[in-house]
Amino acid sequence: MASKESKPKTTNNSGFTGKMGYVMAAAASAVGLGNIWRFPYLCAKYGGGIFLVIYLVLVFTFGYALLMSETAIGRMTRKSPIGAFKSFSNTKASAFGGWINALVPFIICPYYAVIGGWVVKYLVGYCTGETQAMAADGYFGGYISSNLQPELFFIIFVLLTMVVILGGVVNGVEKVSRIMMPILIVLAVIVSIYSCTRPGAVEGIKYMFIPNIHNFSMMTIVSAMGQMFYSLSLAMGIMITYGSYVDKNQDLEDSTTKIEFFDTLIAILAGLMIIPAVFAFSGGDPDTLNAGPSLMFITIPKVLVSMGFGTPAGILFFLLVFLAALTSNISLTETCVGTLSDELGWSRRKSTLVFGVYAVLLGSLASLGYGVLGDLKIIGMQVLDFLDFISNSVMMPIAALAICILVVRNIGLKTMADEFERNSAFKRKPVYNFSMKYLAPFALVIILISSVLSAFGIISI
Ligand code: PFF
């Protein structure tokens, strides 16, 4: 949840104020729908405890190394991804690396806004007292296939984003989101305690925390890695851009650890709100566990209605999720607008408007893909699922691989270490070097190949 901070206009080449400035902004970018909506459904679907373990290992090895690298690349070059890649190497392959990092948000942003539209609908629903109706079985499926309303709320969400960006009040939103973030945490703690203490919920807690090897599949790793990129806003140029605003005196390792910790905490809290509730309200029914993108919208209303004060809690909950989604979408849109204006020389206004039209067109395919365009399948997937797949399982691994190659081949691990050791000890150096040199390239290639082969039905993972 965040806005891309406006590029620093300061002379000391640091755009973030004070030590916590970067941590707050990066954590705010990291925390969004990915934590609250995406993490719980992937964890439920791809194995519970085993997914969580793999996710944590990835976050604290590979995710850590990539987050450090992206920030350092930004800080060393003071450029956004396309320029940053060019600064180290002039080859075509490297230019491609910069571009693919810059293009990922163009795929994510339109469908992110579709989910944002669903959140707006639920917020409006709680405000108009539809608390009972929204908790009924089949409500969400009926709603997203109803075409007009989801499309309308999606467009409202895109328009809201554009108004903020054109109005230049990005920093205001950032401030609001910083106040909202602690409230979101408190509310998440309350709802998760409530959810975990429902009869039958303990099975859900066990499912989420006790790894069961029988639930493991190759998809567990593929989805955990995609989620790691998504949640930490990696492999999409964001952290390179943020890094370009970071002060040379900042301890990058310390900041990275704080960001990872905070982001993971919110994801686990969201999991604790939703997964035990699935067990309490549907006995861990496999269909509900596999509900995918709809999971949050199905279980949270049930939890809320049973709380007895569902309407005010629902308003507050969806207001906060809405703000998290809106500020994240602003950040994604800002990145795309920045790429368009830098690379095509367009004004900010023109870039924002063209991008808005593009987002509405592509997002509409995703939104209507649950209704009138239900037959429109790309390699057997609904449009939204396809956009999620192509960005997370295909483009992000390639983008991340490009970063690893840039670091290991062009920049060199020694230069990176010097950058990290500027003002503090580089404590996790062995983990960093091992991740960048061996773990990441190996895992990325395997994951890329297996997810593509599985999407085409050549192997089943
Ligand atoms: N990390 C965000 C989330 O988990 O929702 C998604 C995201 C937001 C990625 C903003 C990139 C970004 F600029």
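The structure contained in this document is the topic of the report that follows. (Residues numbered from 1 in each chain as written. Predicted model: local features only at pLDDT ≥ 70, side-chain atom pairs only at ≥ 80, totals over all residues. Heavy atoms only, no water.)

Here the structure, examined in full by the defined rule, presents 4 cavities of 30 Å³ or more. Size it by volume and the largest cavity reaches roughly 150 Å³. Surrounding the largest cavity, 16 residues form its lining, S29, Y112, Y230, S233 and L332 being those nearest its centre. Going through the elements one at a time, α1 (18–30), α5 (92–127), α11 (218–231) and α16 (310–344) are the ones with two or more residues in the lining of the largest cavity. The dominant element in the lining of the largest cavity, judged by the number of residues it contributes, is α16, at 3 residues. For the lining of the largest cavity, the per-class residue count stands at 9 nonpolar, 7 polar and no charged. (1 Å grid on protein atoms, 1.4 Å probe; cavity = no way out; pocket = protein on both sides within 12 Å on 5 of 7 lines; lining within 4 Å. Points joined across faces, edges and corners; volume = space filled by probe spheres on them. Helix = DSSP H or I, 4+ residues; strand = E, 2+ residues; numbered from the N terminus. Nonpolar A, V, L, I, M, F, W, Y, C, P; charged D, E, K, R; others polar.)

Applying the stated criterion across every chain yields a total of 26 aromatic pairs. Geometrically, the ring pair formed by W118 and F140 is edge-to-face, given 5.2 Å between the ring centres and 85° between the ring planes. Taken together, the residues span a long stretch of sequence, with W118 in helix α5 and F140 in helix α7 (residues 139–144) at a distance of 22 residues. Each member of the pair, W118 as well as F140, is classed as buried. An angle of 55° between the planes, with centres 4.9 Å apart, marks the rings of F420 and F426 as tilted. The class for F420 is buried, based on a relative accessible area of 3%. (Phe/Tyr/Trp six-rings, centres within 6.5 Å; stacked < 30°, edge-to-face > 60°. Buried < 20%, exposed > 50% of the residue type's maximum accessible area, 1.4 Å probe, protein only.)

As a further point, take the site of the ligand. Taken together, 15 residues lie near the ligand, and G34, Y112, Y230, I238 and S331 sit nearest. Within the backbone of A30, a nitrogen or oxygen atom sits 3.0 Å from a nitrogen atom of the ligand. In this structure, the ligand is accommodated by the largest cavity. At the level of elements, α1, α2 (33–45), α11 and α16 are the ones that each hand at least two residues to the shell around the ligand. Looking at side-chain class alone, the shell around the ligand contains 7 nonpolar, 8 polar and no charged residues. (Near = heavy atom within 4 Å. Polar contact = N/O pair within 3.5 Å; in protein donor to acceptor, adjacent residues only side chain to side chain. Sits in = over half its atoms within 2 Å of the grid points.)

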